[in-house]
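What follows is the residue order along each chain.
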Amino acid sequence: MFTLKFALKNVISRKSSLVIILFIAFSIAVLVMANAVFDGTKSGIEKTFSQNFTGDIVIRPKAQFPMSLFGDETPVTGNLSELPQLIPYSDVYDFVSKSEWVGKAVPQITGQAVLRFGDENFPAYFFGVDAQSYIQLMPGIKILKGQAFSNGQDALMLSDVMLKKIEDKCGVLLDVGDKIQLAAFTGSSYTLRAATLSAVYEYSVHNDLQDKIVLINPDILRPLIGLNSTEIDQSLFTEENSGLLENLEEDGIDGLFGDSEDFETDDSFFEESTAQESRPAQGKDGAENISEETIWNYIVCSKKNGRSAKRAVRKLNREFAKREWPVQAVDWRAAAGMAAQYIYWMRLIFNIGLIVIIGTGFIIVNNTLVIAALDRSKETGALRAIGAGRRFVALEYLAETLMLTITAGILGCLLGVLGNSFLSNGSIHFSNNYLIQLFGGDTLRAVVRPSNILGGALLSLALAFVAWIYPVRIALGASPVAAMEAVR
C-alpha cells in the first residue's frame, strides 16, 4: 500500500505526467480508430462480393488450376482449362442444402460468350442460374425493371451498367422483352443462341468485372458453351449477321480474354454446330450418372443466421473428405478470385501505412517513459541509500508506469470511440470507385468492436511493462554510494 501511495505522489507531483498521459492517450485513440476503419473495410469488401455474386460459401470441384466463379484464374498464356463439373452433383446438393450451416443454396454454371448487337460484340461472363432463387440469395441485387426469369424461360438479365454501355455504343434502346443474340466458341465452331431480356438490375456496389456478369437461364447456357448436344437456331442467320465471324475475331471474345489462342475462328462457323456431348461423369461404382439437369460447376450458398462462414467451410470440407467427394467449400474471397485481389492489396497498403504511423508514435511514447524514469536516478539512489530494497524500487517504478499508461489507455479508448462515432455520423461520402468497393458503399463506416477496445487496453499494459523493464534495470544496477554522491 505504501508503494502505491508513494508512486501516486510521484506521478501527481511531476509536471511531465500529464504530457505523457496525453501522448499515450492520443496514440491509443488513433489505434482504436484505425482498427475500426480496418474492420469497416474488411466488412465492406466482404459485402461488396458476398451480397452481389459470391454468397458466403461456394462449393466447387477440386481442380489442378486456380478457379473462381469466373472460371480458370490462370494467367492467359494459352488455352484456358475446361471447368470441371460437380460430381456427384445430386448427392452434394442434397447434403449442402440440408446442412445446418447453410441457408440458401443455388447451383450455377459459368460460361464465357458475347452479346451481339449489329456489328458490335460485348464480351461477358454468363452465370447460368435459377434467377428467382439467385436474386433471393443476393441481397445486393435490385431489379430496376422487369422480373427474374422463371425455369424454362429462354431469358437473361443484364446489369444497368452493361445495358447503358450497349445502348451508348450501339445507339439503341433496349427494353424488357427484346431479343438478344449470343455467340460463343465451342471448340471447333461458334454457336449462336437468342434470349429474351427479362429484367434489368443493379448491384449495390459496382466493380468493372462484376458489371460484365450476365444472368441467364442455364438451359440456354449449356448448349451455348457446348455442354450438351444442340443445333444452331437457323432464324439467327440473317443478312445482318453475315459479318459476325470477322467481328467476333476482331473485337469480341478476344477483347475479353486478351491474346488467348483458344478463340481462333473457324471456317465451319456457318455450318451446323458439331454436337458436343457432355463428358459423362462417373460415381464411385463407375456408372454414368450425369444428366443435363445435373451439369453444374458450382453451388453458391448463404450461411445460416448466427453461423460463421469460416467454420461452415471447415465443417463442410471435413464432411466432403469423409465421403470422398472431389469437391471443396471455399469462402467469398476464394470464390471471387482475382476480382477481389486488387481490393485486398489496396487494403493491405492502407493498413501498412497506418501501422507505420502508429508504430512510430508508440516508439516515441516508449522513449518518453524511459527518459522520465532515468531522470529520477538520484531519487532512486537516495531510496536505496536509506534502506529501500530492490523489490520496493522495482514495484514503485512499475506502479508509476502502470498508473500513467492505464490512465492514458482508458482515456485513449474513450477518445477513439468518440472519434469513430464522429466519423460514422459525419456522413463522409466517397466518389472514388475503389474507395466505394473498399468500404462496401459510398459512405465511410468505422466499426468499433470490443476487440478494438481490448486491443487498446492490452497495448497500454504492454507499453507499461516495456517502458518499465529498461529503466528499472539501470536503477537497480546503480550502487547506493554512487547514487548518494550524485545527490551531492
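To keep things clear, this report deals only with the structure shown in the data block. Computed from a predicted model, the values in this text were never measured in an experiment.

**Considerations on the packing of aromatic side chains**
Phase 1 of the analysis: Within the structure shown, the criterion is met by 13 aromatic pairs.
Phase 2 of the analysis: Ring geometry for Phe 95 versus Trp 325: centroids 6.0 Å apart, planes at 75 degrees, classification edge-to-face. Of the two residues, Phe 95 is situated in helix 3 (residues 89-97) and Trp 325 in the loop between helix 8 (309-323) and strand 12 (327-331); the sequence distance between them amounts to 230 residues.
Phase 3 of the analysis: Take Trp 325: its relative accessible area is 11%, and that puts it in the buried class.
Phase 4 of the analysis: Here the aromatic cluster, defined as three or more aromatic residues joined through ring pairs, consists of Phe 49, Phe 53, Phe 70, Tyr 125, Phe 127 and Trp 332.
Phase 5 of the analysis: It is Arg 307 that lies over the ring of Trp 101; its NZ or CZ is 4.5 Å from the centre.
Phase 6 of the analysis: If you follow Arg 323 out to its NZ or CZ, it ends over the ring of Trp 325, 5.6 Å from the centre.

**Points about the nonpolar core**
Phase 1 of the analysis: Residues Ile 59, Leu 115, Leu 156, Leu 158 and Leu 182 are the most contacted members of the largest nonpolar core, which totals 47 residues.
Phase 2 of the analysis: Per-element accounting of this core gives the leading share, six residues, to strand 4 (residues 102-117).
Phase 3 of the analysis: In terms of nonpolar packing, the next biggest core, distinct from the first, is built from 34 residues, Phe 127, Met 138, Met 157 and Ala 336 among them.

**Looking at unusual backbone geometry**
Phase 1 of the analysis: Here Ile 87 and Pro 88 are connected by a cis peptide whose omega angle stands at -5 degrees.
Phase 2 of the analysis: Relative to the elements of secondary structure, Pro 88 occurs in the loop between strand 3 (71-72) and helix 3.

**A few points about a nonpolar patch on the surface**
Phase 1 of the analysis: Judged by side-chain polarity, Ile 406, Ile 410, Leu 414, Leu 454, Leu 458, Leu 461 and Phe 465 come together as a nonpolar surface patch covering roughly 640 Å² of accessible area.
Phase 2 of the analysis: Where the nonpolar patch is concerned, the elements lending two or more residues are helix 12 (390-425) and helix 14 (450-477).
Phase 3 of the analysis: With respect to the helices and strands, the residue Phe 465 is situated in helix 14.
Phase 4 of the analysis: For Phe 465, a relative accessible area of 40% puts it in the partly exposed group.

Calculation rules
Each chain carries its own residue numbering, running from 1 in the written order of its sequence. Whole-chain, interface and lining totals are the exception, using all residues; otherwise, since this is a predicted model, local features are given only for residues with pLDDT of at least 70 and side-chain atom pairs are given and counted only at 80 or more. Note: side-chain values were computed over all heavy atoms of the structure, leaving out hydrogens and water. Under the pairing criterion, centres of Phe, Tyr and Trp rings, with the six-membered ring standing for Trp, must be within 6.5 Å; the plane angle then separates stacked pairs below 30 degrees from edge-to-face pairs above 60, leaving the rest tilted. Runs of E in the DSSP output that reach at least two residues are strands. Runs of H or I that reach at least four are helices, and both are numbered from the N terminus. With a 1.4 Å probe rolled over the protein chains alone, any residue whose accessible area is under 20% of its type maximum counts as buried; one over 50% counts as exposed, and the rest are partly exposed. Note on geometry: a ring has a charge over it if NZ (lysine) or CZ (arginine) is within 6 Å of the ring centre and within 35 degrees of the ring normal. We call a set of buried Ala, Val, Leu, Ile, Met, Phe, Trp, Tyr and Cys residues a nonpolar core when their side-chain atoms join them within 4.5 Å. Each patch is built from salt-bridge-free residues with over 30% relative accessible area, joining like charges within 9 Å and nonpolar side chains (Val, Leu, Ile, Met, Phe, Trp, Tyr) within 5 Å. In these tables, accessible area is a Shrake-Rupley quantity obtained with a 1.4 Å probe, and a residue counts as shielded only by the protein chains included in the view. What counts as a salt bridge is simple: a side-chain nitrogen of Lys or Arg found within 4 Å of a carboxyl oxygen of Asp or Glu.

By themselves, these observations are geometric and do not establish any function.
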